Every structure is written in C-alpha cells, then in structure tokens.
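Breakdown of the fold
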Amino acid sequence: MRNLSKKILLTCITLFGLYYIFFFSHITESLILIFKVIPMLLIIILAALPKNLGIKKYQLLIIIGLVFCMVGDYTLQWFLIGLSSFLIGHIFYIFAFLSTNERQVPNWAKIVLLVYGVSMAVWIAGTVFSSGEVVLGIAVIAYISVILTMGWTAIRTGSKFATIGALLFISSDSYLAINKFVMPLPFSHEVIMLTYYGAQILIALSILQYSEIRSKVLQ
C-alpha cells in the first residue's frame, strides 16, 4: 500500500509539475502561484509518507525545510521575503544532513564547491553591488554561502538522492540568479523549475534512502 501511494504521489507531482512548467502561459494569472505550490505540497506529503523509519529527526528537518521552500515559492514575488524563506529552508536541510555522518566529503568536492561559490559570488553579487543594491548584494552572498554549505553537507549523508538533489538545487538557483541579475538566459522558466522540482523530489526521497543506509550500518 505504501509503495502504491508513493507511485501515485510521484505521478501526481510529475503531472502537476510538468503542467506548471510547460503550460505556464495557459494558466490564469490568479492561479499561477497555486499551480506552482501544488507540486511542493505533494512533495511534502511524499516526505511525510514513510513511517517508523528510525530517522525521525532527519525526516522532520527535511519536511520543515520543504515547507519553508514552499512558502518561498509563493513569496518570491516579494524577492527578499522569498529569498529569506528559501534560506531558512536550506538551513533546515543543512541540519538534517548534519545529523548524518556516513561519509567524508572528498577534497576535490570541497575545492569545486569553494571555487564555484567564490566565482558566483564575485559575478552575481558584484553585479548587484554595482547597481547600488547593497542590502540585496549582501543577501545574495549569504544565500550562496548557505546553499553551497547545503551541498557540502548533502554529500556527507551517503545518499545519492540527497547529493544529486542538492546539486540540482544549486544549479536551479544559479540559473535563476544569472537570469535575474546578470543577463537573460534561454528557457529560464523551464530550466529553473525542472531542476528545482527535481531537486525537491530527490531530497524528499532521500529520507527513505538514508533510512536504508542506516539499517545496513546497524545490521
């Protein structure tokens, strides 16, 4: 029954997500934000579905992070408010990932994340600062620092779903930031939302995968 519910939820998430992504222009303006958050609401249900896994703390922190991201989806129309909500969501992901310690982060991964973060901060935040938006520039630097920390801690979980999900999230936010602050990018809506929904689905699925990892360790 649980597997059936999981498959039904994943199907509904995929259908609603693809509809919002590729039929965005056909959605009534007053309903756009509703259709945007429906996949996230279903992903939260997907994350809450597994019971008695023995990793309640990890599961709860991921669910709270998903909730803040869903709020961020709705409030991104007021950019700094939405950005703050996403930032809080990432902090909860970080706490979830830090509650695990299944593997060490390879040095090459640390270097890649550091170089990427510095490059993006110089490029994107530098562009924002040059336009005179000091507060927004500081917020962008803070956000970049937090999301890269989220990526680093995701690797520690030993869960491929968590790791790939975090990297997709970094890709989605990078594309969004470049498109918003630096230059328009092709297919921005499609690329941003495909990677975003994909990231959230994988992070939600990491709950079950991490539970399996822990079960093997304890056997």
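Residues numbered from 1 in each chain as written. Predicted model: local features only at pLDDT ≥ 70, side-chain atom pairs only at ≥ 80, totals over all residues. Heavy atoms only, no water.

What follows concerns the overall build of the chain. Each helix and strand counted, the chain has 8 helices and 0 strands in total. When the elements of the chain are put in sequence order from the N terminus, they spell out α-α-α-α-α-α-α-α. Relative to its length of 219 residues, the chain is compact, with a C-alpha radius of gyration of 17 Å against a globular reference of 17 Å. Taking all 219 residues of the chain together, the buried fraction comes to 47%. Intrachain contacts of the chain at a sequence separation of at least 6 include 75% that bridge at least 24 residues. Total accessible area computed for the chain in this model is approximately 11,300 Å², and 70% of it derives from carbon and sulfur atoms. (Helix = DSSP H or I, 4+ residues; strand = E, 2+ residues; numbered from the N terminus. Rg over C-alpha atoms; globule rule 2.2 N^0.38 Å. Buried < 20%, exposed > 50% of the residue type's maximum accessible area, 1.4 Å probe, protein only. Contact = heavy atoms within 4.5 Å. Areas by Shrake-Rupley, 256 points an atom, 1.4 Å probe, with all protein chains shown as cover.)

Orientation of helix α2 (residues 32–48) relative to helix α3 (residues 56–75), taken along the N-to-C sense of each, is 180°, at an axis distance of 9 Å. On the basis of their axis angle, the class for α2 and α3 is roughly antiparallel. Each of Leu33, Lys36, Val37, Met40, Leu41, Ile43, Ile44, Ala47 and Ala48 in α2 lies in contact with α3, whose residues at this interface are Gln59, Ile63, Leu66, Val67, Cys69, Met70, Asp73 and Tyr74. The class makeup of the residues in the contact of α2 with α3 is 14 nonpolar, 1 polar and 2 charged. (Axes fitted to C-alpha atoms, helices over the stretch in contact; angles between N-to-C directions. Parallel < 35°, antiparallel > 145°, perpendicular 65-115°, else oblique. Nonpolar A, V, L, I, M, F, W, Y, C, P; charged D, E, K, R; others polar.)

The next thing to look at is the environment of Phe86. The topology assignment puts Phe86 in helix α4 (residues 79–98). Residue Phe86 is classed as buried on the basis of its relative accessible area, which comes to 7%. Sequence separation between Phe86 and Gly72 is 14 residues; the distance between their C-alpha atoms is 5.3 Å.

With that settled, consider the side chain of Gln209. Residue placement: Gln209 occurs in helix α8 (residues 188–218). The buried category is assigned to Gln209, whose relative accessible area is 18%. At 3.0 Å, the side chain of Gln209 and the backbone nitrogen of Phe161 are in polar contact. When neighbours within four sequence positions are excluded, Gln209 is seen to be in contact with Ser159, Lys160 and Phe161. (Polar contact = N/O pair within 3.5 Å; in protein donor to acceptor, adjacent residues only side chain to side chain.)

Counting residues in hydrophobic clusters, the biggest one holds 68 residues, and the most contacted among them are Tyr58, Ile62, Leu66, Tyr93 and Phe169. Elements with a contribution of two residues or more to this core: α1 (2–22), α2, α3, α4, α5 (107–130), α6 (134–156), α7 (160–182) and α8. The element contributing the most residues to this core is α8, with 12 residues. (Core = buried A, V, L, I, M, F, W, Y, C linked by side-chain atoms within 4.5 Å.)

There is a patch of nonpolar side chains on the surface, built from Leu18, Tyr19, Phe22, Phe23 and Leu194 and spanning about 450 Å² of accessible area. In this structure, Phe23 sits in the loop between α1 and α2. (Patch = residues over 30% accessible without salt bridge, like charges linked within 9 Å, V, L, I, M, F, W, Y side chains within 5 Å. Salt bridge = Lys/Arg side-chain N within 4 Å of Asp/Glu carboxyl O.)

In a regular helix each residue adds 1.5 Å, so 20 residues correspond to 28 Å; α3 covers 29 Å between its end C-alpha atoms and thus fits that length. Listed as buried for α3 are Tyr58, Gln59, Leu61, Ile62, Ile63, Gly65, Leu66, Cys69, Met70, Gly72, Asp73 and Thr75. (Expected span 1.5 Å × (residues − 1).)

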